[in-house]
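Take a look at the letters that make up each chain.
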Amino acid sequence: LQVLSESEGNILDDQTAIDVLSSSKVLSDEIAQKQVVADATAERLDRTREGYVPTAVRASTLFFCIADMAHIDPMYQYSLQWYITLFERAIDEAGQPPAGLKDAEALSQRLELLIAQNTLSVYRNVCRSLYEKDKLLFSFLMATSIMRSAGELDESEWTFFLTGGSGLIPDDAPKKPVPWLAERGWGELLRLSELDGFGPLVHAFGAKASEWEVIYESATPQREPFPAAYGSLSNFARLCVLRCLRPDKVVSMVNDFVGDRLGATFVEPPPFSLEDCYADSSPTAPLVFILSPGQDPMSQLLKFAETKGFGGRRTQAISLGQGQGPLAQRMINDALGNGGWVVLQNCHLATSWMTSLEKICEDLTPERAHVDFRLWLTSSPSKHFPVSVLQNGVKMTNEPPKGLRANLLGSFLADPISDEAFFAGDGMGENAAAWTPLVFSLAFFHGVIQERRKFGALGWNIPYEFNESDLRISVRQLRLFLTMFDDVPFEALRYCFGEANYGGRVTDDKDRRCLSALLAEPISAAAIEPGFTFSSDGVYCQPGAATHEGYLESIRALPLTQLPTAFGLHENADITKDLKETRELFDAVLSTQARAGAGGGGGGEDVLDKIAEGIASKLPPAFDLDVAGANYPVQYLESMNTVLHQELIRFNRLTSVIRSSLASLRKAIRGLVVMSSDLEALGTALVQGVRPALWMKRSFPSLKPLGSYVSDLLARLAFFQGWLDNGVPTHFWISGFFFTQAFLTGSSQNYARANAIPIDHLGFDMHVLPANHDCSVAPQEGVYVHGIFLEGARFDESSAVLGESEPKVLFTKLPSLWLRPQREADIADRAHYLCPLYKTSDRRGTLSTTGHSTNFVMFLKLPRLEEQPQEHWVKRGVAALCELDD
């Protein structure tokens, strides 16, 4: 262009211009040719890139699956950069297809290898930072997320499996055709029959009842064939049916499902390896131990440091707490220069210093940190722990082994019991013979109280974190007492262990009673005799060995698994444990689905509107408090009128919140009002079939799912409407009260005022009524009550005493009770079990402003056999409940 603009005269006479233009033409032709090649290359690259889209889809699916884990535990945090590094490593580690294949076939095999390697790499790397209870959950989320991204999982089936369906059962629904199926299971089957492909299930259930019962009774129902009409159901559809029949086996079903879908590798978590974690670390990436109850990784870490040449002063450790931050920072600064290791323990206890820790970790750069420097952190789950440290660090969990045998073995291999000189027990004189048997008894007790946690409220109302330090101090105290006293001071030992060392952690008085009952047998004169049995099945006995090695051999000979009887519980407790694990699995998966929202658009909004309309239409009008006050005025000798008035006020508040919130939600669905966060949470709860938090702020305590909760509420309202219409009931439904303690106080107050006796001198003389007792006439004194359930035992009406539960029957209905107020001094003392009565099955509660627990109601005196001590039922975890969870 410059040549053309500067040319003068005829351009054909300018040879220089002709040469420049000629070369420009050649260059232009070359560029055009190269552009054609570039376009062809770009097209080929696009085709190749599109060929790898399935790998990208799988990678993104797995990343969002990992990201969802943060909803389950705040410590499960993973950054995108960490995942990209993991993905790039998986690409390098994936195998290559064999040579000689056609392009399409080679690409197909390469994709399979990439996808398989990435999936396995994600599972293995994430698994090491998850608690044991969450490893199967993660595998299940991976399997279902992959299926959902591929369109292989019906969303309605997925929602049903997690929630059991939503909405109320219509009044004209078919009745349960078999006695062995629980009401909740039948209700879920009715909801399942509304989904495509399950329509005839309910109507054909009775005709094939014997075949379904075989599945119900099986120890592995997921492996039993279905009746012919349903033999072609997909694996996940089978899970939906089996969840209705055997909810206690859901975890086993999920385990088999994941194994079939992804392979056995994904249900067998890799063993913990500190070496592998260290290999993945760097001077700029902290290593984070996520602690679990009873775990102390320090001894393992210090041993590992020795093997790596970082023993002694090269590893500095400090337990964080008040005022320890500056000291920890000084340690880190020193180690950054000299290449040492720094261990900061219990970071969850120093929440105010966590921002400083985050800044320290952000400032760790390759230029500033010595190549050998490592920062180790230990912390229990805490929402205050810096997310950036978790996302970029190497996270680890290493829980102590589960099971009584593993617990005993761990105790005998830990300090101080593992010390041969300490275990020899020299200098005890006449008490030397009792030393080693009592050490074993104490270790057995320690194992039992830890393992009872897995049984939920049957084991402990509150899951206490008993740990090795409790055992350590108790063993040393035992040695001290045996050395100081001429005789074994069993009572003093039980007091120190049960009230101070272990009992110091126990805050619930019913749990303290259980702890004392569990300690009574192991710390007794009988328990030091060889052959003494600690459990009713006779498996766990006093070894009678002479040496430490002899005790280890006896412990190693014990079975790997144990029946609940080893912990003092009934065999049905295993079902309770399985149901607890099922609930935890569903709750955890649902928490990861929170981002899915309530509506889902279109059909989802129609379903939500239908559920809201169904609930609102069933609610009766509010109680007329003026009419109630006129018909049941406040009277000195009739406290029940005051109780009634207070209950009606509470129920009116609750139904008002339910009505207004449902009306607002329906308006929000139509776009008439703004969908607030409260309304969105309400919609999500209705779709998922759970009790909305907005209602529970005004509600009576309940653990029921939405449908059962609404039915229970309607029954309570009907009970009080019957009271208003027909007069004071002769037979009270004790479970129907909002504040049960007020009803019991009202009954006592009537007796106290009628007989001019101070109410604090009264107690209830309790009588379990026979089935044929006429309760249509109110008693002269006290009240007849019904609606109480027993967990952990049953009431044997033939002998009128407590009896053992029948197999697979977790709850039984207690016959009607006559609660008769009497002076406490006049109440006859009969052989009884002091049975705690709770409002809900989780048993734990908080102390309210009235001075009452939000869950505990009272102690019931239930008759028992003389020869069966009360401690037997205490260890069984027997309790009475006002309502069940279904």
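Scroll up to find the structure this text is about.
So, here is what we can say about the structure in this document. (Residues numbered from 1 in each chain as written. Predicted model: local features only at pLDDT ≥ 70, side-chain atom pairs only at ≥ 80, totals over all residues. Heavy atoms only, no water.)

### Points about the side chain of Arg-716
Of note, Arg-716 is situated in helix H31 (residues 706–726). In this structure Arg-716 comes out as buried when scored by relative accessible area, which is 3%. Sequence-distant contacts of Arg-716, defined by excluding residues within four places in its chain, comprise Phe-651, Phe-700, Trp-733, Ser-735, Gly-736, Phe-737 and Glu-883. (Helix = DSSP H or I, 4+ residues; strand = E, 2+ residues; numbered from the N terminus. Buried < 20%, exposed > 50% of the residue type's maximum accessible area, 1.4 Å probe, protein only. Contact = heavy atoms within 4.5 Å.)

### Observations regarding the pattern of salt bridges
This model, assessed by the stated rule, comprises 34 salt bridges. The salt bridge involving Glu-549 is made with Arg-556; its shortest N-O contact spans 3.8 Å. Judged by relative accessible area, which is 41%, Arg-556 ranks as partly exposed. Here the residues in one salt-bridge network are Arg-89, Arg-128 and Asp-280, joined through shared partners. (Salt bridge = Lys/Arg side-chain N within 4 Å of Asp/Glu carboxyl O.)

### Re a nonpolar patch on the surface
A cluster of nonpolar side chains, contributed by Leu-480, Met-484 and Phe-485, occupies part of the molecular surface with about 310 Å² of accessible area. Note that Phe-485 resides in the loop between helix H21 (468–484) and helix H22 (490–501). On the basis of relative accessibility, which here comes to 38%, the residue Phe-485 falls in the partly exposed class. (Patch = residues over 30% accessible without salt bridge, like charges linked within 9 Å, V, L, I, M, F, W, Y side chains within 5 Å. Areas by Shrake-Rupley, 256 points an atom, 1.4 Å probe, with all protein chains shown as cover.)

### Brief notes about the packing of helix H18 (residues 404–412) against helix H20 (residues 432–451)
When two helices pack together, their arrangement is given by the angle between the helix axes and by the axis-to-axis distance. One can describe the packing of H18 onto H20 by two numbers: an axis separation of 9 Å at closest approach and a directional angle of 130°. If you check the angle between H18 and H20, you find them oblique. You can see that H18 and H20 cross each other, and the crossing is right-handed. Within the contact between the two elements, H18 uses Leu-404, Asn-407, Leu-408, Ser-411 and Phe-412 and H20 uses Val-439, Phe-440, Ala-443, Phe-444, His-446, Gly-447, Val-448, Gln-450 and Glu-451. Broken down by class, the residue content of the contact of H18 with H20 amounts to eight nonpolar, five polar and one charged. (Axes fitted to C-alpha atoms, helices over the stretch in contact; angles between N-to-C directions. Parallel < 35°, antiparallel > 145°, perpendicular 65-115°, else oblique. Left-handed = near helix turned anticlockwise from the far one by under 90°. Nonpolar A, V, L, I, M, F, W, Y, C, P; charged D, E, K, R; others polar.)

### Quick look at the packing of aromatic side chains
Going through the model one piece at a time under the given rule, you end up with 61 aromatic pairs. Seen from their ring centres, Phe-720 and Phe-737 are 5.6 Å apart, and the 90° between their planes marks the pair as edge-to-face. Of this pair, Phe-720 sits in helix H31 while Phe-737 sits in the loop between strand S6 (731–733) and helix H32 (740–755), and the two are 17 residues apart along the sequence. Using a relative accessible area of 2% as the deciding quantity, one classes Phe-737 as buried. Aromatic pair Phe-737 and Phe-743: ring centres 4.4 Å apart, planes at 20°, arrangement stacked. Of the two residues, Phe-737 and Phe-743, neither departs from the other in class, the shared state being buried. Across the ring face of Tyr-216, the terminal group of Arg-246 is positioned such that the distance to the ring centre comes to 5.9 Å. Seen from the ring of Trp-435, Arg-479 lies directly overhead, with NZ or CZ sitting 6.0 Å from the centre. (Phe/Tyr/Trp six-rings, centres within 6.5 Å; stacked < 30°, edge-to-face > 60°. Lys NZ or Arg CZ within 6 Å of the ring centre and 35° of its normal.)

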